[in-house]
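Below are the chains, spelled out letter by letter.
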Amino acid sequence: MTETARYRLLIVLLAILVTSLFVLSLTVGPADVSPWQGLAGLFAGDDSLIGLVMREIRLPRAILGLMIGATLGLSGAALQGYLRNPLAEPGLIGVSASASLGAVIAIYTGLSALLPLALPLMALGGALCAVLVVRLMAGADARPLSVILAGVAVSTFAGAMTSLALNLSPNPFAAMEIMFWMLGSLTDRSMTHVWLAAPFMVLGWLMLASLGRALDALTLGHETAASMGIDMKRVQRLAVIGTAASVGAATAVAGAIGFVGLVVPHLLRPLVGARPSRLLFASALGGAALLLAADILVRVVAPGRDLKLGVLTAVLGAPFFLVLVMRARRQMA
Amino acid sequence: MSRLAVSNLSASLGGNTVLKGIALSVGPGEFVGLIGPNGAGKSTLLRACLGLIPSSGEIQLAGRDLRRMTAADLARHVAYVAQDRDIAWPITVEALVDLGRQPHRGAFARSALADQEAVEAALQRMDIDKLRSRRATDLSGGEKARALIARALAQQADLLLADEPVAGLDPAHQIALMQVFRDLTRQGTSVVASMHDLGLAARWCDRLVLLEGGRIVADGPPAAVLTADLLRRVYGIEAYVTEAAGGLIVQPTRLAQAGIEQEVAGDNIHG
């Protein structure tokens, strides 16, 4: 089988997997609804309790799982390609930490209690600030290393400010709320969250998806890529703003969910012949599948305990990261 | 019309002037060797000609101002083989060489027959058609170098700029690469390659450009540039230079005594 045929097969299989997990996600929940009843209720359009549970609780949760997973997978693949580094992930350019800081400020100041949408909007604002600072600090030469350094600086600062807010929080409930929000979850999200995040995510997806050729050329390094007709400044703009828009929106509605963007591209890379352009779409599907599966798992493993999705991905992802680092070290030795 | 015309080109990196008033013109079908000691500015000159580093002065490619060309336009006129051979991902050799066709393809176009032919020809030319399914990251240094040159050949530009393309190649592949460059120039492509091997440069290049401290100190046919005198002055070496059948033979023999004394004296002044 040629590499192209294998890639097509992989995409089809991943698409089937995502569709199945999406449907499965709709059938899992604390409400005592049989899968068949639930799916029928979803399309019935009446005001029955089952219909309400499906449309107002489970459908937004499944859609957000799909969109956020795709965002994390796609941006992880794009950033790894742009930075030419298999250890890169969306959190690396400071977007997640800054979006979290925006949300924390909204909770800390009580703004989120006054206006529910203040939290996601502040989080998006935080993500956009991060991008502006990273782009300014990275300078005009558009080198990936400057982006990493700027991102680490922004992440560290946002993390420190978040800790400060927790530290100074006059109200233990606000501190609790901040903690809970930072763990990352898809519980109790509504269609409002979907509509809020969707435009930014789709915009970010389009920007990242347009990077395919540039990322392929970057396999041979910054200078060779530039000599092959790749405008490196444009690539930096698309990679950074695309990640900020999509991951910023994801963090704004679901909190920080780590490691998906790191793990998924790494798992799929050997299956697409390591071509960065092919990894983009495959990772979007793979990320959606992984996050939907994880979100099903938190509901099945600990029903009623509200196990946080971000905790589960970190618990599974961190050991994976360790293995990656160890393997990279062995290759360097 | 010259493929590459540079005049009054200067460039600085980190506050140091690394190129000073360079004037250079490369015509169709010329094979130009860029020689000079470490730090003379060979790589910098190649990079400046591609617009990869900021510079002042005039650079024209195929009669057009480099700084007014779009990145994509540039890629159709000139191909570049970088000194850096780091390949980030384990793509196959065939996929790597196919990257050279990217500037010729539309954003979503599939590989056309012309693309496949160019890739095939480049694989054959660089003697790596048997390696086509191997992962590029698993190749030996010399194989990697050949794959990267094949990538540039597949680009089929009129001008090929190569930064130390023979470094790390075994003698047979060094000669084979020189033969490839000569064949290319016979077909009208212009080649500018920086190199350290004066013997190869002497035998194969039509013309040599000798750089020292960011300036061109000699430019002409090998016999005019590789004189014992210039080699002693610029490289600080004594060399055996003689005409023979098939070209000039240059064999560096030992360090020139005067050169060393000069350097020691220079160190004392700086220290």
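Small disclaimer: the values here were computed from a predicted structure and weren't measured.

**Student:** So what about the overall build of chain B? Which residues, and what values?
**Tutor:** Summing up its helical and strand segments, chain B has ten helices and twelve strands in all. In terms of overall dimensions, chain B has C-alpha extents of about 60 × 40 × 35 Å along its principal axes. Counting across all 271 residues of chain B, residues that qualify as buried make up 50%. Per element, the accessible surface of chain B, about 12,200 Å² overall, is 49% carbon and sulfur.

**Student:** Please give an account of the overall build of chain A that cites residues and values.
**Tutor:** Looking only at helices and strands, chain A has 15 helices and zero strands in total. The C-alpha atoms of chain A give a radius of gyration of 20 Å, which matches the 20 Å a tight globule of 333 residues would have. Along the longest, intermediate and shortest principal axes, the C-alpha atoms of chain A span 60 × 55 × 35 Å. Within the span of chain A, comprising 333 residues, buried residues form 55% of the whole.

**Student:** Just give me the short version of the sheet that holds strand β4 (residues 56–61) of chain B, but keep the residues and values in it.
**Tutor:** Residues and elements named next belong to chain B. Strands sit in the order β2-β1-β4-β5 across an open sheet of four strands; the sheet is antiparallel. A single partner strand is all that each edge strand has here, and the edge strands are β2 (16–26) and β5 (64–65). Across two bridges, the pairing between β4 and β5 is antiparallel. By the bridge assignment, L61 is partnered in β5 with R64. Here helix α1 (residues 42–49) sits on the sheet and contacts β1 (4–13), β2 and β4; the angle it forms with β2, its principal contact strand, is near 65°.

**Student:** I'd love a proper account of the pairing of strand β10 (residues 215–220) of chain B, names of residues and values included.
**Tutor:** Two faces belong to every sheet, and in a regular strand the side chains alternate between them. All names here are of chain B. Where strand β9 (residues 207–212) lies against β10, five bridges are found, and the strand directions are antiparallel. Bridge pairing links L208 to G220 in β10. With antiparallel pairing between neighbouring strands as the criterion, β9 and β10 make up a hairpin whose turn holds two residues, including G213 at a positive phi of roughly 55°.

**Student:** Which residues make up the sheet that holds β9(B), and what are the values?
**Tutor:** All names here are of chain B. Pairing in this open sheet of six strands is mixed, and the strands run β6-β7-β8-β3-β9-β10 from one edge to the other. Strand pairing shows two members of the sheet lacking a second neighbour, β6 (78–81) and β10, which therefore form its edges. Across this sheet, the average inter-strand angle for adjacent strands is 15°, counted without regard to direction. Against the sheet, α1 touches β3 (31–35), β6, β7 (159–163), β8 (190–194) and β9, its axis set at about 145° to β7. Sheet contacts for helix α5 (residues 141–154): β6 and β7; angle to β6, the most-contacted strand, approximately 175°.

**Student:** I'd like a rundown of the packing of helix α3 (residues 49–83) of chain A against helix α9 (residues 191–209) of chain A, residues and numbers included.
**Tutor:** All names here are of chain A. Close contact between α3 and α9 brings their axes to 10 Å; oriented N to C, the two are set at 20°. With respect to each other, α3 and α9 are oriented roughly parallel. Note on packing geometry: the crossing formed by α3 with α9 is left-handed. Of α9, the residues touching α3 (which contributes R55, P60, I63, L64, M67, I68, A70, T71, L74, S75 and A78) are M191, H193, V194, A198, M201, W205 and L208.

**Student:** I'd like a rundown of the pattern of salt bridges, residues and numbers included.
**Tutor:** Residues and elements named next belong to chain B. The tally for this structure, following the rule as stated, stands at 19 salt bridges over all chains. Notably, a salt bridge pairs R146 with D127, separated by 3.8 Å at the nearest N-O pair. Residue R146 is located in helix α5, and its partner D127 is located in the loop between α4 (113–125) and α5; the two are separated by 19 residues in the primary sequence. Judged by its relative accessible area of 8%, R146 is buried. Between R232 and E238 there is a salt bridge whose closest N-O contact spans 2.9 Å. Residue R232 is classed as partly exposed on the basis of its relative accessible area, which comes to 32%. The exposure class of E238 is buried, given its relative accessible area of 17%. Among the charged side chains, a salt-bridge network with shared partners connects D98, R101, R105 and D115.

**Student:** So, α4(B): which residues are in play, and what are the values?
**Tutor:** All names here are of chain B. The terminal C-alpha atoms of α4, which comprises 13 residues, lie 18 Å apart, in line with the 18 Å expected from a rise of 1.5 Å per residue. Looking at α4, one finds that the buried residues are D115, A118, V119, A122 and L123. Down the axis, α4 shows its buried residues gathered within 135° of arc, on one side only. Along α4, exposed side chains directed more than 90 degrees from the buried face belong to L113 and E117. Residues of α4 that are buried sit in contact with α3 (93–98) and α5. One or two positions beyond α4, positive phi appears at D127, with a value near 60°.

**Student:** Summarise the packing of aromatic side chains; cite the residues concerned and give the values.
**Tutor:** Residue and element names in this part refer to chain B. This structure, assessed with the given rule, holds one aromatic pair over all chains. For the ring pair F31 and F181, a centre distance of 5.7 Å and an interplane angle of 85° mean the geometry is edge-to-face. Residue F31 is found in strand β3, and its partner F181 is found in helix α6 (residues 171–186); the two are separated by 150 residues along the sequence. The residues F31 and F181 share a single accessibility class, namely buried.

**Student:** For the pairing of strand β12 (residues 247–255) of chain B, give the residues involved together with the corresponding values.
**Tutor:** Residues and elements named next belong to chain B. Of the strand pairs in this sheet, strand β11 (residues 237–244) and β12 are connected by eight bridges, and their pairing is antiparallel. If you follow E243 over to β12, its bridge partner there is L248. Taking the residues between adjacent antiparallel strands as the criterion, β11 and β12 are bridged by two residues, where G246 takes a positive phi near 90°.

**Student:** An account of the interface of chain B and chain A is needed here, citing residue identities and associated values.
**Tutor:** The extent of an interface is frequently quoted as the accessible surface area lost upon association of the parts. Taken together, the contact pairs 29 residues of chain B with 25 residues of chain A. For the pair chain B and chain A, the two sides together bury roughly 2,200 Å², of which 58% comes from carbon and sulfur. The three residues of chain B that bury the most area against chain A are B:W89, B:L99 and B:Q102, which together make up 32% of that side's buried surface. Applying the counting rule to chain B against chain A returns three salt bridges. Residues A:E223 and B:R47 are paired through a salt bridge, measuring 2.9 Å at the closest nitrogen-oxygen approach. The interface formed by chain B and chain A includes five residue pairs in polar contact (both at pLDDT 80 or more). Those elements giving two or more residues to the side of chain B that touches chain A turn out to be α2 (71–77), β6, α3 and α5 of chain B. Sort the elements by how many residues they give to the side of chain B that touches chain A and α2(B) lands first, with three residues. Residues belonging to the side of chain B that touches chain A are distributed by class as follows: 19 nonpolar, four polar and six charged.

**Student:** Please provide a residue-by-residue account of the nonpolar core, values included.
**Tutor:** Core analysis: the biggest nonpolar cluster contains 138 residues, and A:I68, B:L45 and B:L161 have the highest contact counts within it. B:L45 has contacts with B:L9, B:L19, B:I22, B:L24, B:L34 and B:L211, leaving out every residue within four places of it along the chain. Of all hydrophobic cores here, the second largest spans 52 residues; its members include B:L169, B:F181, B:A193 and B:L226.

Cut-off values and rules
- Residues numbered from 1 in each chain as written.
- Chains lettered and ligands numbered in written order.
- Predicted model: local features only at pLDDT ≥ 70, side-chain atom pairs only at ≥ 80, totals over all residues.
- Heavy atoms only, no water.
- Helix = DSSP H or I, 4+ residues; strand = E, 2+ residues; numbered from the N terminus.
- Buried < 20%, exposed > 50% of the residue type's maximum accessible area, 1.4 Å probe, protein only.
- Areas by Shrake-Rupley, 256 points an atom, 1.4 Å probe, with all protein chains shown as cover.
- Rg over C-alpha atoms; globule rule 2.2 N^0.38 Å.
- Pairing = 2+ DSSP bridges.
- Contact = heavy atoms within 4.5 Å.
- Axes fitted to C-alpha atoms, helices over the stretch in contact; angles between N-to-C directions.
- Parallel < 35°, antiparallel > 145°, perpendicular 65-115°, else oblique.
- Left-handed = near helix turned anticlockwise from the far one by under 90°.
- Salt bridge = Lys/Arg side-chain N within 4 Å of Asp/Glu carboxyl O.
- Expected span 1.5 Å × (residues − 1).
- Arc of directions from axis to C-beta.
- Phe/Tyr/Trp six-rings, centres within 6.5 Å; stacked < 30°, edge-to-face > 60°.
- Buried area = accessible area lost by both parts, 1.4 Å probe.
- Polar contact = N/O pair within 3.5 Å; in protein donor to acceptor, adjacent residues only side chain to side chain.
- Nonpolar A, V, L, I, M, F, W, Y, C, P; charged D, E, K, R; others polar.
- Core = buried A, V, L, I, M, F, W, Y, C linked by side-chain atoms within 4.5 Å.

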